[in-house]
Amino acid sequence: MNLTLKIWRQENPEAKGRFEKYEISEISPDSSFLEMMDLLNEQLIKEGKDPVAYDHDCREGICGMCSLYINGRPHGPDSAVTTCQLHMRKFKDGETVTIEPWRAKPFPVLKDLIVDRSALDEIIQVGGYISVNTGGVPDANDIPIAKEKADLAMDAAACIGCGACVAACKNASAMLFVSAKVSQFALLPQGKTEAKDRVKAMVAKMDELGFGNCTNTYACEAECPKEIKVTNIARMNRQFFGAKVSG
Amino acid sequence: MGNKRFQSSLTKKFVMAFMGLFLITFLFVHLGINFLVLLPDTTAFNVAAHFMGTNPVIKVFEVILFGGFIIHIIYGLILQIQNWMARPNRYKIEGWSHTSPFSKFMIHTAAIIFIFLAIHLADFYFKAKLGHIGEVNIDGENIHDMAALVLAKFKIFGFVIGYIVAFVILGFHLHHGFQSAFQSLGLNNRTYTPFIKSLSTIISIVLALGFIVIPIAIYFGNF
Ligand code: FES
């Protein structure tokens, strides 16, 4: 496959940044998007140019490190996959592919396509955990948990924190992410103890960091590589109002 | 970045949703009264309009209603401005995610509805309040002949078109707004949510069509 790539280049957080055009040829339709990016970088290095900086780690769709806003969609044209799991066969030969970094005020661009997503970590730090006393490990089956609840919690816990929800949202809202993190604990007995303080603290942090407000457009759900459901957002809303009312 | 917000995003959304639903109930009342104007005898409409304009209980509701509009508008604006600020650098290519088109244009439909509302209030509400309207005598009492005013307005082609456009836009706004309010209030449920989504479509169509058929009937009918 031959492709024209339009890629956002920005030397550092303060630089203005611009799109640059690259031609790349003989790409196998079976290669992954990131392999294609690697080939481009090899080509750039050979030409003595600065390679394109982008995030990645596991390349197995489980770490949430890869990003990229490809042709108007986070993680590209395929659904329910991360960019590292996206294949070049999803593109047409000769196509122009525009690659941009995640865009949101709380995600400043560090270099080229790499953005600082530590805002999501800050939200986790204020409540995305449970406090466990040390001591002997209790028997796993001591606490009964309804199968349905366990399944919902597991589905919410599938969130890898990549930030695609924020990138996709027209308001740069992080509510799908926060609601998944709130839900995965709130649904289980171990997480219920701190549920009220958790939801209040995480929502306050999310607001403070400057994420937008959800307008129930659900682009987040459409783009989430882990198919996190917006029903989590409704659950977070319920939890939040409940916590506010009961103090 | 430490901008602690006076009210949380979720609380603001709650208020938006609650006020939105409240305003929808008002639309149904308004539509019900509007249909009276189509009756052969306009007395019922004039009496209803007079009641709405003078009854002390309704006057209290009027204040609540105006408050509802103002809060819905102000909160909507605050949320929207925060949303714009959350993405200072826009994408070159955006919006290719699969979503409902109605939800993406709430602020735009809102702006058109607001303009309509301002014209509408000037045309009918404030005219009635300031007494620039002819009167009829019903049961020995002189009351405003609102019916005559409405019938005259709906004989003007441009007015009818503007009115229809406004209500199509309102339909779009409600199509997203009604079901969206339930999500914002945290009322999401496997059994009821699909029903509420269908209801949202039905309500938006019924309200928009309901308001639209009246000027069409008057324009083409013998009124
Ligand atoms: S690199 Fe780990 S999810 Fe893509």
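These numbers come from a predicted model, not from an experiment.

K.L.:
What should I look at first to understand the interface of chain B and chain A in this one?
P.N.:
Put simply, an interface is often sized by how much accessible area is lost when its parts join up. Taken together, the contact between chain B and chain A spans 42 residues of the former and 50 residues of the latter. Contact between chain B and chain A buries roughly 3700 Å² in total, counting both sides, with carbon and sulfur atoms accounting for 50%. When residues of chain B are sorted by the area they lose upon contact with chain A, Leu 10, Tyr 91 and Gln 183 of chain B head the list and together hold 18% of the total. Linking chain B to chain A there are one salt bridge. In this structure, the salt-bridge partner of Arg 190 of chain B is Glu 148 of chain A, at a minimum N-O distance of 2.8 Å. At the surface where chain B touches chain A, the tally comes to 26 residue pairs in polar contact (both at pLDDT 80 or more). If you list the elements that add at least two residues to the side of chain B that touches chain A, you get helix H1 (9–35), helix H3 (56–85), helix H4 (101–104) and helix H7 (157–184) of chain B. A per-class count over the side of chain B that touches chain A returns 11 nonpolar, 21 polar and 10 charged.

K.L.:
How should I be thinking about the packing of aromatic side chains in this particular structure?
P.N.:
Residues and elements named next belong to chain A. In total, this model carries 21 aromatic pairs over all chains according to the counting rule given. Geometrically, the ring pair formed by Phe 107 and Phe 211 is edge-to-face, given 5.8 Å between the ring centres and 80° between the ring planes. Highlighted residues: Phe 107 in the loop between strand S5 (96–100) and strand S6 (109–111) and Phe 211 in the loop between helix H7 (195–208) and helix H8 (219–223), separated in sequence by 104 residues. Phe 211 sits in the buried class, given a relative accessible area of 0%.

K.L.:
Even after reading the chapter, I still don't get the packing of helix H2 (residues 43–54) of chain B against H3 of chain B, so can you show me in this structure?
P.N.:
Think of two packed helices as two axes; the pair is described by the angle between the axes and how far apart they sit. Residue and element names in this part refer to chain B. Taken N-terminus to C-terminus, the directions of H2 and H3 make an angle of 70°; their axes are 6 Å apart at the nearest point. Taken together, the axes of H2 and H3 lie roughly perpendicular to each other. Facing H2, whose interface residues are Phe 51, Met 52, Gly 53 and Thr 54, H3 presents Pro 56, Ile 58 and Lys 59. In terms of residue class, the contact of H2 with H3 is built from four nonpolar, two polar and one charged.

K.L.:
Looking at this structure, I do not really get the domain arrangement of chain A. What am I missing?
P.N.:
All names here are of chain A. Along its sequence, chain A is organised into domain 1 (3–111) and domain 2 (118–132 + 142–246). The C-alpha-based centres of domain 1 and domain 2 are spaced at 28 Å. Counting from both sides, the interface comprises 19 residues of domain 1 and, opposite them, 20 residues of domain 2. Interface area, domain 1 with domain 2, both sides summed: about 1400 Å², of which 60% is carbon and sulfur. Viewed at the interface, domain 2 and domain 1 are joined by one salt bridge. In this structure, Glu 223 engages Arg 73 in a salt bridge whose closest nitrogen and oxygen atoms are separated by 2.8 Å. Classifying every residue of the side of domain 1 that touches domain 2 gives 11 nonpolar, five polar and three charged.

K.L.:
What should I look at first to understand a nonpolar patch on the surface in this one?
P.N.:
All names here are of chain B. Residues Ile 73, Leu 77, Ile 81, Trp 84, Met 85, Phe 114, Ile 115 and Ile 119 make up a contiguous nonpolar surface patch of about 790 Å² in total accessible area. At the level of secondary structure, the elements contributing two or more residues to the nonpolar patch comprise H3 and helix H5 (106–130). The element that contributes the greatest number of residues to the nonpolar patch is H3, accounting for five residues. On the secondary structure map, Ile 119 appears in helix H5.

K.L.:
How should I be thinking about unusual backbone geometry in this particular structure?
P.N.:
Among all residues save glycine, negative phi is the norm, and among peptide bonds the norm is trans. All names here are of chain A. One non-glycine residue, Arg 59, lies in positive phi territory at about 55°. In this structure, Arg 59 sits in the loop between helix H1 (33–46) and strand S3 (69–70). Assessed through its relative accessible area of 26%, Arg 59 is described here as partly exposed. A positive phi angle is found at Ala 80, which is not glycine, with a value near 60°. Summarising the element assignment, Ala 80 is placed in the loop between strand S4 (73–74) and S5. With a relative accessible area of 29%, Ala 80 lands in the partly exposed category.

K.L.:
Teacher, can you tell me more about the sheet that holds S4 of chain A here?
P.N.:
Sheet strands associate in pairs through backbone hydrogen bonding, adopting either a parallel or an antiparallel arrangement. Residue and element names in this part refer to chain A. Strand order in the open sheet formed by five strands is S2-S1-S5-S3-S4, with mixed pairing between adjacent strands. For this open sheet the edge positions go to strand S2 (18–24) and S4, each flanked by a neighbour on one side alone. Of the strand pairs in this sheet, S3 and S5 are connected by two bridges, and their pairing is antiparallel. Paired with Ile 70 across the bridge in S5 is Ile 99. Strand contacts of H1: strand S1 (3–9), S2, S3 and S5, with the helix running at about 90° to S2, the strand carrying the most contacts.

K.L.:
Help me understand the layout of surface pockets, please; the structure alone is not making it clear to me.
P.N.:
A probe matching the size of a water molecule, rolled over the atoms, marks out where space remains unfilled. The space that makes up the second largest pocket amounts to roughly 480 Å³. Together, 18 residues line the second largest pocket, and Leu 152, Thr 231 and Arg 235 of chain A together with Asn 188 and Arg 190 of chain B are the ones closest to its centre. Of all elements in the fold, only helix H3 (147–157) and helix H9 (231–246) of chain A together with helix H8 (192–220) of chain B reach the threshold of two or more residues within the lining of the second largest pocket. Grouping the amino acids of the lining of the second largest pocket by side-chain chemistry returns five nonpolar, six polar and seven charged.

K.L.:
I would appreciate a short explanation of the pattern of salt bridges in the present structure.
P.N.:
Where charged atoms from two side chains of opposite charge approach closely, those side chains can pair. Residue and element names in this part refer to chain A. With the rule as written, the count across this model stands at 20 salt bridges over all chains. The partner of Asp 50 in a salt bridge is Arg 9, and the shortest N-O contact between them spans 3.8 Å. Note that Asp 50 is positioned in the loop between H1 and S3 and Arg 9 in strand S1, a separation of 41 residues in sequence. Here Asp 50 falls in the partly exposed class, since its relative accessible area comes to 41%. Residues joined by salt bridges that share partners form a network here, namely Arg 9, Asp 50, Lys 111 and Asp 112.

K.L.:
Is there a simple way to think about the state of the cysteines in this case?
P.N.:
Between two cysteines, a covalent bond joining their sulfur atoms is known as a disulfide. A complete count under the given rule lists zero disulfides over all chains for this structure. With no disulfide of its own, Cys 214 of chain A lies 6.2 Å from the sulfur of Cys 220 of chain A, the closest cysteine sulfur.

The rules behind each value
- Residues numbered from 1 in each chain as written.
- Chains lettered and ligands numbered in written order.
- Predicted model: local features only at pLDDT ≥ 70, side-chain atom pairs only at ≥ 80, totals over all residues.
- Heavy atoms only, no water.
- Contact = heavy atoms within 4.5 Å.
- Buried area = accessible area lost by both parts, 1.4 Å probe.
- Salt bridge = Lys/Arg side-chain N within 4 Å of Asp/Glu carboxyl O.
- Polar contact = N/O pair within 3.5 Å; in protein donor to acceptor, adjacent residues only side chain to side chain.
- Helix = DSSP H or I, 4+ residues; strand = E, 2+ residues; numbered from the N terminus.
- Nonpolar A, V, L, I, M, F, W, Y, C, P; charged D, E, K, R; others polar.
- Phe/Tyr/Trp six-rings, centres within 6.5 Å; stacked < 30°, edge-to-face > 60°.
- Buried < 20%, exposed > 50% of the residue type's maximum accessible area, 1.4 Å probe, protein only.
- Axes fitted to C-alpha atoms, helices over the stretch in contact; angles between N-to-C directions.
- Parallel < 35°, antiparallel > 145°, perpendicular 65-115°, else oblique.
- Domains from an automatic or database assignment.
- Patch = residues over 30% accessible without salt bridge, like charges linked within 9 Å, V, L, I, M, F, W, Y side chains within 5 Å.
- Areas by Shrake-Rupley, 256 points an atom, 1.4 Å probe, with all protein chains shown as cover.
- Pairing = 2+ DSSP bridges.
- 1 Å grid on protein atoms, 1.4 Å probe; cavity = no way out; pocket = protein on both sides within 12 Å on 5 of 7 lines; lining within 4 Å.
- Points joined across faces, edges and corners; volume = space filled by probe spheres on them.
- Disulfide = S-S within 2.5 Å.

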